[in-house]
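# Descriptive structure summary
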Amino acid sequence: MSAGADLRRLLPSVEQVLQRTEVRALEARHGRAVVVRELRALVEDARTRAAAGDRAAVESAAADLPARLAARLDRARAASLVPVVNATGVVVHTNLGRSRLPPEAAEQVARIATSYSNLEFDLAAGDRGQREVHAETRLRTLVGTEAAVVVNNNAAAVLLAVNTFAEGREVLVSRSELVEIGGSFRIPDVLRKGGARLREVGTTNRTRIADYRSALGPETGLILKVHPSNFRIVGFTEAPSRSELVALAHEAGVPMVEDLGSGLLEPLAGLDETTVAESLRGGVDVVTFSGDKLLGGPQAGLVVGGSARIGAMRANPLYRALRVDKMTLAALDAVLVIHESGRAAADLPTPRMLSASVDEVRGRAQAFAARIQAAAPSLTLAIVEGTSAAGGGAAPTAEIPTALLRVAHGVKSAQQLVEELRRGDPPVVARIADGALVLDLRTVAPDEEDVLAAALARVAGGDA
Ligand SMILES: *Cc1c(COP(=O)(O)O)cnc(C)c1O
């Protein structure tokens, strides 16, 4: 008999372990299927070690299988989606969930999610209602629209607009606006999937109103203006004004649709972006934008415009597939209340972080550095000048001046520090600039400074 088979006999069978009282208790907590799955994996691992002749490993595995199983089950039960500290200075960080919700929005989501609500019920009339009224009423005063529709994201908003007004017809877009946002959103692809044909107008750098006019015809479904969210064309450029485009669309009897992207409701200092109200005031029929970029709310696509056009979009069967859940509407409602009351720059994380001055960020960085230095003397800290970014396809050329905390370790490289921070609990995402680890406190909330300090002390070598 081989040594491996001999060692294997030290291991109980899965069935035997399942009979133990403490394992039965785990089953009641985690469910039988999960317990069996994790236990099999543990026993399998121990058998591999037995086959390799690792007696010590097999003996210790056999001795504390239930305890190991409990630990494994706790790990398996842990949430997959976890909070992360964003120390990158990229405010609307798409990979990190874009906008953080303010506590009052999160509380409103919890309230609505855990009860029945008047989602589609008109309490005054005692009759069936519209889920859109909740956002619409506020958007009327906030951006001066007649009606609104809310869908899953801005990509869905553009898709729905194109499909509603231009299915089987042409959409006129300037060649300078055939943009790609974040890989999977490309204007030509969205138009195709919306059932429309793209009619390219003008050139990459110069497009005139005459180019639109000559492309216009009986096949035209709509004119689309797309905000170049994540790039700028500079130099020898020309583009018709919004009002010229609107006049042309109206002359031809087709809607003028603008994909604004970032969804700025009030001007923010230092950000050169068109607000939703400006676009509507310019006569644009349908404006689309994201809920979780500069608006600072939940992931959503907002569409505003006249009642007839918005009504046509709601009547499109595709709307049913793109509409949002009550949780999104609850969060959006709370966020719009904050905009209405003029508290956005103070109480909404995204606008607040974007409008924090360099002095404010520097002051926090200095106080934080002093605190870290005391706790982790092995780190070399310095405050240096740098830039934050709006991110999320907004104001691509705006370099927001910031103060960075540069962190160096006597032994560990910047790459090593970044990795250890990222693998920590909670994970901290930071960046490397000029070969050094840098932290931008602009995107770190004051109440996250404790966990960030603890994370730095850990990577410094546990000297705190
Ligand atoms: C961000 C953006 C989109 C995509 O919006 P999502 O909400 O991410 O779907 C589309 N168009 C423009 C101009 C954008 O800036």
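Description of the structure in this document. (Residues numbered from 1 in each chain as written. Predicted model: local features only at pLDDT ≥ 70, side-chain atom pairs only at ≥ 80, totals over all residues. Heavy atoms only, no water.)

### Observations regarding the overall build of the protein
Per the secondary structure count, the protein includes 21 helices and 18 strands. Overall size of the protein, expressed as C-alpha extent along the three principal axes, is 90 × 55 × 50 Å. Expressed as a percentage of its 464 residues, the buried residues of the protein come to 48%. Taking the intrachain contacts of the protein between residues at least 6 apart in sequence as the baseline, contacts between residues at least 24 apart amount to 74%. Surface exposure of the protein reaches about 21,600 Å², of which carbon and sulfur atoms provide 51%. Across the protein, the centroid of the 54 positively charged side chains sits 5 Å from that of the 56 negatively charged ones. (Helix = DSSP H or I, 4+ residues; strand = E, 2+ residues; numbered from the N terminus. Buried < 20%, exposed > 50% of the residue type's maximum accessible area, 1.4 Å probe, protein only. Contact = heavy atoms within 4.5 Å. Areas by Shrake-Rupley, 256 points an atom, 1.4 Å probe, with all protein chains shown as cover. Lys, Arg positive; Asp, Glu negative; His and termini not counted. Charge placed at Lys NZ, Arg CZ, Asp CG, Glu CD.)

### Details of empty space enclosed by the protein
Scanning the entire structure with this criterion turns up one cavity of 30 Å³ or more. Estimates place the volume of the largest cavity at around 40 Å³. Among the elements that take part in the lining of the largest cavity, helix α4 (residues 32-51) stands out by supplying four residues, more than any other. For the lining of the largest cavity, a count of residues per class yields four nonpolar, no polar and three charged. (1 Å grid on protein atoms, 1.4 Å probe; cavity = no way out; pocket = protein on both sides within 12 Å on 5 of 7 lines; lining within 4 Å. Points joined across faces, edges and corners; volume = space filled by probe spheres on them. Nonpolar A, V, L, I, M, F, W, Y, C, P; charged D, E, K, R; others polar.)

### Considering the packing of helix α3 (residues 21-30) against α4
Where α3 contacts α4, the two axes come as close as 7 Å, and the packing angle between them is 125°. As the angle between them shows, α3 and α4 are arranged oblique. In this structure, α3 contributes V23, L26, E27 and H30 to the contact, and α4 contributes R32, V34 and V35. Tallied by class, residues from the contact of α3 with α4 come to four nonpolar, one polar and two charged. (Axes fitted to C-alpha atoms, helices over the stretch in contact; angles between N-to-C directions. Parallel < 35°, antiparallel > 145°, perpendicular 65-115°, else oblique.)

### Structural notes on the site of the ligand
By nearness alone, 13 residues border the ligand, and A155, S229, D259, S290 and K293 come closest of all. One of the side-chain N or O atoms of S290 is found 2.7 Å from an oxygen atom in the ligand. In isolation the ligand has 380 Å² of accessible area, and contact with the protein removes 94% of it. For the shell around the ligand, the secondary structure elements donating two or more residues are α9 (154-166) and β11 (256-261). (Near = heavy atom within 4 Å. Polar contact = N/O pair within 3.5 Å; in protein donor to acceptor, adjacent residues only side chain to side chain.)

### Things to note about the sheet that holds strand β17 (residues 431-433)
Read across the open sheet, the five strands follow the order β2-β14-β15-β18-β17; overall the sheet is mixed. Each end of this open sheet is capped by a strand with a single partner; those strands are β2 (90-92) and β17. Between one strand axis and the next, the sheet turns by 45° as a mean value, whatever way the strands run. Pairing analysis gives 10 bridges linking strand β14 (residues 379-391) to strand β15 (residues 400-409), with the strands arranged antiparallel. Following the sheet pairing, L381 is matched in β15 by V407. Against the sheet, helix α19 (residues 358-375) engages β14, β15 and β18 (436-440), with an angle of about 150° to β14. Together, β14, β15 and β18 form the strand contacts of helix α21 (residues 449-460), whose direction differs from that of β15 by roughly 35°. (Pairing = 2+ DSSP bridges.)

### Digging into the layout of surface pockets
Over the atoms rolls a probe the size of a water molecule, and in doing so it shows where empty space is left. The calculated volume of the largest pocket comes to roughly 620 Å³. Breaking the lining of the largest pocket down by element, the ones donating at least two residues are β1 (85-86) and α18 (349-355). When its residues are assigned to classes, the lining of the largest pocket shows 10 nonpolar, eight polar and three charged.

### Focus on the sheet that holds strand β13 (residues 301-305)
Strand order in the open sheet made by the seven strands is β5-β13-β12-β11-β10-β6-β9, with mixed pairing throughout. Pairing within the sheet leaves two strands with one partner each, and these edge strands are β5 (147-151) and β9 (197-201). Pairwise comparison of adjacent strand axes, ignoring direction, gives a mean angle of 25° for this sheet. Pairing of β5 with β13 involves five bridges; the strand directions are antiparallel. Paired with V149 across the strands is V303, a residue of β13. Sheet contacts for helix α8 (residues 133-143): β5 and β13; angle to β5, the most-contacted strand, approximately 120°.

### Some details on the pattern of salt bridges
Counted by the stated rule, this structure contains 37 salt bridges. With a closest N to O distance of 3.6 Å, R343 and E104 form a salt bridge. Highlighted residues: R343 in the loop between α16 (326-340) and α17 (344-347) and E104 in helix α7 (residues 103-113), separated in sequence by 239 residues. The class of E104 is partly exposed, set by a relative accessible area of 33%. In this structure, D189 engages R192 in a salt bridge whose closest nitrogen and oxygen atoms are separated by 2.9 Å. You can see D189 and its partner R192 sitting in helix α10 (residues 187-193), three residues apart, about one turn around the helix. (Salt bridge = Lys/Arg side-chain N within 4 Å of Asp/Glu carboxyl O.)

### Some remarks on the side chain of T402
The topology assignment puts T402 in strand β15. A distance of 3.3 Å separates the side chain of T402 from the side chain of S388, its partner in a polar contact. Leave out the neighbours within four places in its chain, and T402 touches V358, V361, V384, E385, G386, T387, S388, D440 and R442.

### Regarding the packing of aromatic side chains
In the structure shown here, the tally under the stated rule is zero aromatic pairs. Across the ring face of F236, the terminal group of R206 is positioned such that the distance to the ring centre comes to 3.8 Å. (Phe/Tyr/Trp six-rings, centres within 6.5 Å; stacked < 30°, edge-to-face > 60°. Lys NZ or Arg CZ within 6 Å of the ring centre and 35° of its normal.)

### So, the packing of α3 against helix α6 (residues 65-77)
It is at 10 Å that the axes of α3 and α6 come closest, and there the two elements cross at 10°. Accordingly, the angle class assigned to the pair α3 and α6 is roughly parallel. Taken together, the residues of α6 that come into contact with α3 (itself represented by E22, V23, L26, R29 and H30) are P66, L69, A70, L73, D74 and R77. Across the contact of α3 with α6, the residue classes tally to six nonpolar, one polar and four charged.

### Focus: α9
Under the 1.5 Å per step criterion, the end-to-end length of α9 is 18 Å for 13 residues, consistent within 8% with the ideal 18 Å. α9 sits mainly inside the fold: 11 of its 13 residues count as buried. Residues of α9 that are buried include every one of N154, A156, A157, V158, L159, L160, A161, V162, N163, F165 and A166, and no others. Among the residues trailing α9, G168 stands out with phi positive, at a value near 75°. (Expected span 1.5 Å × (residues − 1).)

### Looking at the environment of A252
Along the polypeptide, A252 turns up in helix α12 (residues 242-252). Judged by its relative accessible area of 37%, A252 falls in the partly exposed class. With 34 residues separating them in the primary sequence, A252 and P218 have C-alpha atoms 8.8 Å apart.

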